[in-house]
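Working through the structure, step by step
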Amino acid sequence: MSQSDSLPSSLPASVRETARALRTALDDANHRYYVLDEPTLTDADYDRQLRQLQNLEAEHPALVTPDSPTQRVGAPPSAGFSDIQHAVPMLSLGNAFGRDEVFAFAERVADRLESAADDLAFSVEPKLDGAAVSLVYEHGRLISGATRGDGRTGEDITANLRTLRSVPLALRGNDVPRLLEVRGEVIMRHAGFAQLNARARETDSKVFANPRNAAAGSLRQLDPAVTATRPLEFHAYQAARIEPDPGDATHSELMARLAGLGFITSGELQVLYGPGAVADYCEALGERRDELGFDIDGAVIKVNHLRRQRELGFVARAPRWATAWKFPAQEEITRLEDVEFQVGRTGAVTPVARLAPVSVAGVTVSNATLHNADEIARLDVRIGDSVAIRRAGEVIPQVVRVNHDRRPDDAREIVFPDCCPVCGSDVERVEGEVVARCAGGLYCPAQRKEALKHFAGRRALDIDGLGDKLITQLVDNQRVETPADLFTLDVAYLQTLPRMAEKSSRNLVNALDSARSTTLARFIYALGIREVGEATAAGLAAHFGTLDALQAAEQEALEGVNDVGPVVAAHLHTFFRQPHNRQTIEALRAAGVHWEEQAVATGPGPLDGQTWVLTGTLETLTRDEGKARLQALGARVAGSVSKKTACVVAGEAAGSKLEKARTLGVEVLDEAEFIARLDETEADDRRSE
Ligand code: 9MJ
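Predicted, not measured: the structure shown is a model, and the values here were computed from it.

A closer look at the environment of Val666
Residue placement: Val666 occurs in the loop between α24 (656-664) and β24 (667-669). Given a relative accessible area of 8%, Val666 falls into the buried group. Residues Val666 and Ala277, 389 residues apart in the sequence, show an inter-C-alpha distance of 86 Å. If near-sequence neighbours (up to four positions away) are discounted, Val666 is found in contact with Val641, Ser642, Thr645, Ala646, Cys647, Val648 and Ala661.

Details of a negative patch on the surface
Residues Glu107, Asp111, Glu114, Asp118, Asp119 and Glu311 make up a contiguous surface patch of negative charge. By the secondary structure assignment, Asp111 is in helix α3 (residues 99-113).

Re the packing of helix α1 (residues 13-35) against helix α2 (residues 43-59)
Remark: α1 packs on α2, axes separated minimally by 10 Å, with the N-to-C direction vectors making an angle of 145°. Where α1 crosses over α2, the handedness of that crossing is left-handed. When α1 is examined against α2, the residues Val15, Thr18, Ala19, Leu22, Arg23, Ala25, Leu26, Ala29 and Asn30 are found in contact with a partner set consisting of Tyr46, Gln49, Leu50, Gln52, Leu53, Leu56 and Glu57. Among the residues making up the contact of α1 with α2, the classes are represented as 10 nonpolar, four polar and two charged.

Focus: the site of the ligand
Residues in close proximity to the ligand include Leu93, Glu125, Pro126, Lys127, Leu128, Glu185, Tyr237, Gln238, Val300 and Lys302, which together make up its full environment. With respect to the ligand, the backbone of Pro126 contributes an N or O atom lying 3.5 Å from an oxygen atom. Here an oxygen atom of the ligand and a backbone polar atom of Leu128 are 2.7 Å apart. Within the complex, the protein chains bury 92% of what would otherwise be the 340 Å² of accessible surface of the ligand. Among the secondary structure elements, those contributing two or more residues to the shell around the ligand are β3 (121-128), β8 (232-243) and β10 (296-303). The leading source of residues in the shell around the ligand is β3, at four residues.

Thoughts on the sheet that holds strand β5 (residues 141-147)
An order of β5-β4-β7-β8 is seen for the four strands of this open sheet, with the pairing classed as antiparallel. Only two strands of the sheet have a single neighbouring strand rather than two, namely β5 and β8. If you compare each strand with its neighbour and ignore which way they point, the axes differ by 25° on average. The pairing of strand β7 (residues 179-188) with β8 spans 10 bridges and is antiparallel. Each bridged residue has a counterpart across the sheet, and for Ile187 the counterpart in β8 is Glu233. With respect to the sheet, helix α6 (residues 211-219) is in contact with β4 (131-138), β7 and β8, its orientation differing from that of β7 by roughly 125°. Strands β7 and β8 of the sheet are contacted by helix α8 (residues 251-260), whose axis makes an angle of about 120° with β8.

Digging into the nonpolar core
In a soluble, globular protein the nonpolar side chains are often hidden away together inside. By size, the foremost hydrophobic cluster in this structure holds 51 residues, and its most contacted members are Ile463, Leu466, Leu486, Ile524, Leu540 and Leu572. Among residues more than four places away in sequence, those in contact with Leu486 are Leu452, Phe455, Ile463, Leu466, Leu474, Val480 and Leu512.

Quick look at helix α16 (residues 502-515)
Compared with an ideal rise of 1.5 Å per residue, which puts 14 residues at 20 Å, α16 spans 20 Å between its outermost C-alpha atoms and is within 8% of the ideal. The inward-facing, buried residues of α16 contact α13 (468-476), α14 (483-486) and α15 (491-494).

Topic: the sheet that holds strand β23 (residues 645-650)
Here four strands make up an open sheet; going across it, the order is β22-β21-β23-β24 and the pairing parallel. In the strand order of this sheet, the two ends are held by β22 (636-638) and β24, each with one partner. Taking each pair of neighbouring strands and ignoring which way they run, the sheet shows an average axis angle of 30°. Bridge analysis of strand β21 (residues 611-615) against β23 gives five bridges, and the strand direction is parallel. Following the sheet pairing, Thr611 is matched in β23 by Thr645.

Details of the pairing of strand β16 (residues 363-369)
Of the strand pairs in this sheet, strand β15 (residues 349-360) and β16 are connected by six bridges, and their pairing is antiparallel. Across the sheet, Val358 pairs through a bridge with Val365, a residue of β16.

Quick word on α8
Taken residue by residue, α8 has His251, Ser252, Leu254, Met255 and Leu258 as its buried positions. Projection of α8 onto a plane perpendicular to its axis shows the buried side chains occupying an angular sector of 160°, all on one side. Buried residues along α8 sit in contact with β3, β7, β8, β9 (270-273), β10 and α10 (306-312). Gly262 occupies a position one or two residues after α8 and carries a positive phi of about 115°.

Here's the deal with the domain arrangement of the protein
Split into domains, the protein comes out as domain 1 (3-71), domain 2 (94-326), domain 3 (331-406), domain 4 (445-595) and domain 5 (611-688). A separation of 32 Å is found between the C-alpha centroids of domain 3 and domain 4. Listed by partner, the interface residues are five residues for domain 3 and eight residues for domain 4. In total, about 530 Å² of surface goes out of reach between domain 3 and domain 4, with carbon and sulfur atoms giving 63% of it.

Quick word on the packing of aromatic side chains
Applying the stated criterion across every chain yields a total of eight aromatic pairs. Put simply, the rings of Tyr137, Phe234 and Phe263 touch in pairs and so form one group of aromatic residues. Positioned over the ring face of Tyr493 is Arg479, at 5.1 Å from the centre of the ring.

A word on the packing of helix α12 (residues 445-456) against α13
Relative orientation of the contacting elements α12 and α13 amounts to 135°, with a least axis distance of 10 Å. By the angle class used here, α12 and α13 are oblique. Of the two possible hands of crossing, α12 and α13 adopt the one that is right-handed. Residues Pro445, Arg448, Lys449, Leu452 and Lys453 of α12 form the contact with α13, whose own contacting residues are Asp468, Ile471, Thr472, Val475 and Asp476. Taken together, the residues of the contact of α12 with α13 break down into four nonpolar, one polar and five charged.

Comments concerning the pattern of salt bridges
In total, this model carries 37 salt bridges according to the counting rule given. A salt bridge links Asp45 to Arg48; the nearest nitrogen and oxygen atoms lie 3.3 Å apart. Placement of the pair is Asp45 and Arg48 together in helix α2, with a separation of three residues, close to one helical turn. Looking at Arg48, the relative accessible area reads 39%, which means it is partly exposed. Between Arg212 and Asp129 there is a salt bridge, with the nearest N and O atoms lying 2.9 Å from each other. Here the residue Arg212 occupies a position in helix α6, and Asp129 occupies one in the loop between β3 and β4, the gap between them amounting to 83 residues. Looking at Asp129, the relative accessible area reads 16%, which means it is buried. Here the residues in one salt-bridge network are Arg23, Asp67 and Arg141, joined through shared partners.

About the thresholds
Residues numbered from 1 in each chain as written. Predicted model: local features only at pLDDT ≥ 70, side-chain atom pairs only at ≥ 80, totals over all residues. Heavy atoms only, no water. Helix = DSSP H or I, 4+ residues; strand = E, 2+ residues; numbered from the N terminus. Buried < 20%, exposed > 50% of the residue type's maximum accessible area, 1.4 Å probe, protein only. Contact = heavy atoms within 4.5 Å. Patch = residues over 30% accessible without salt bridge, like charges linked within 9 Å, V, L, I, M, F, W, Y side chains within 5 Å. Areas by Shrake-Rupley, 256 points an atom, 1.4 Å probe, with all protein chains shown as cover. Salt bridge = Lys/Arg side-chain N within 4 Å of Asp/Glu carboxyl O. Lys, Arg positive; Asp, Glu negative; His and termini not counted. Charge placed at Lys NZ, Arg CZ, Asp CG, Glu CD. Axes fitted to C-alpha atoms, helices over the stretch in contact; angles between N-to-C directions. Left-handed = near helix turned anticlockwise from the far one by under 90°. Nonpolar A, V, L, I, M, F, W, Y, C, P; charged D, E, K, R; others polar. Near = heavy atom within 4 Å. Polar contact = N/O pair within 3.5 Å; in protein donor to acceptor, adjacent residues only side chain to side chain. Pairing = 2+ DSSP bridges. Core = buried A, V, L, I, M, F, W, Y, C linked by side-chain atoms within 4.5 Å. Expected span 1.5 Å × (residues − 1). Arc of directions from axis to C-beta. Domains from an automatic or database assignment. Buried area = accessible area lost by both parts, 1.4 Å probe. Phe/Tyr/Trp six-rings, centres within 6.5 Å; stacked < 30°, edge-to-face > 60°. Lys NZ or Arg CZ within 6 Å of the ring centre and 35° of its normal. Parallel < 35°, antiparallel > 145°, perpendicular 65-115°, else oblique.

Here is the structure:
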């Protein structure tokens, strides 16, 4: 379907053509990003084109049609949802537990079809655990979207479903059916779910127990603008009605057609013959369940030929032609035996639930996070309570619910500590922040250990052979306090430690040696500055080019970096103004940690070609800052004075360099003059930009 079909011919051809091109570009970008997972446009380009289209539509309101990409969040909040009758009931599925029941299902189907079970083609696909919805398209345009409801009557959530970028507003391609009713599941991926709940915990809004509840809850928002902010995806798994009738097609063929029309369909679907192959697939999918990035609760086994599906029909509320292989639940009930408090790298004090061990989807769980004091209050949880634990993918096991009816009489309240359980420093809770932090900083061995683990990690300096246990020993023995101390370790000392032979000690010393050569991005990341992840570190490295420039940057300059907002900028600014952090950085450089510095091309500077020398002690700014500001203006900063030196800055107790400057007649500035000159030159520079 072409995006220009619906544009009114009363408008000038050039306007229609521009609108058509923008709509197609935006629809294609959406499809590539949300359906094919192969983004082509940057977010900025997408936003720019969307704004262009919005402006064009504002000038020519006749361009606005319901399937324009500008119309996803168009509807105002509603007072409630009206009913939609499903033209074809939305049925539930029967269950098959284990291989024997798959064989029994296949035999039943084969008997009815008077065929041999091993000759029957089944399509098998993951069973998504989200909220089932049904979408109706007429002449390629989305007409309505509904929840499953009781299977016969659902709720009209069209306005909310339109906000999902994986729901096509207009079907794609040239083979658009006159009528299409597509069914599928709206899901939330683990990553999006974790982010949504993390934000909810910070802002005291609704925390969801699992992605299914989050998806269902997000779809039932009265304000579509809220749904639009939720990371939802629609995955199609059935064409309930299609006109013209596709004739003697198969389910797998229809799924391929739905993909062509613009829907996400399962990349895991397989057509298999006989129950043995089907059961093998289900077992193998179960093994990979944690790798998919979203919840599935089983596999759906369908007779592949639609003609045979029709022949088999339904029993009660479920089709005879399909069944669900169910995986073990991802939630289990156990007892909260105790709560311990862990101190993280940034001092965050996290309550950790110690549980009576329980097997959750095949993995024994004995710990779960309780996040923070607010979460304990929200859950109203006490030691001794019966709790529901959820484990999904790589997400840390969570306590999602408490069974208050089963609270024992001797249940104990959880008391959040006032003092750090590791170093005894005060535990502080900053106004407006949910996280409580140990005020000990790097005095706290727990924070020191975590900082060192982070520093040595694979994505930071990648120090092979420096594991958690060794770090614990080094800190406990007071041999290592800061990351710089790591570079003073030698074989003689290391081999005195338990489990460290000469060879492993030598390997570690070699690994430390290799780690000395790194990149600026890794180094920034390794410093473990709050909220500075790998991507931010890389952005900072690319933007500033040198560590000195980054260290000297003011809050405003930091906020000029992609993805750095006021909070991260403040963390960076504070970090680099702590004397102990600067000392550690200097000690690391002195220990030989190095990287290639890149001058950031900023065009010609007013001090281009000049060489400056800083000497003596500066009071109001550090030498690094002075150097970075000079470099930003184009100057070179050297260590010795010559005839070619443009200017010498002499701080307190300047010695031989100052003398030499005077002898050679080189201009000399004291600190106050230097700062005035910098300010003046920077202001001139800004004016000339
Ligand atoms: C889920 N939940 O993933 C069906 N389903 O087909 C898949 N559900 C289904 N198919 C017919 N993949 C009725 C239900």
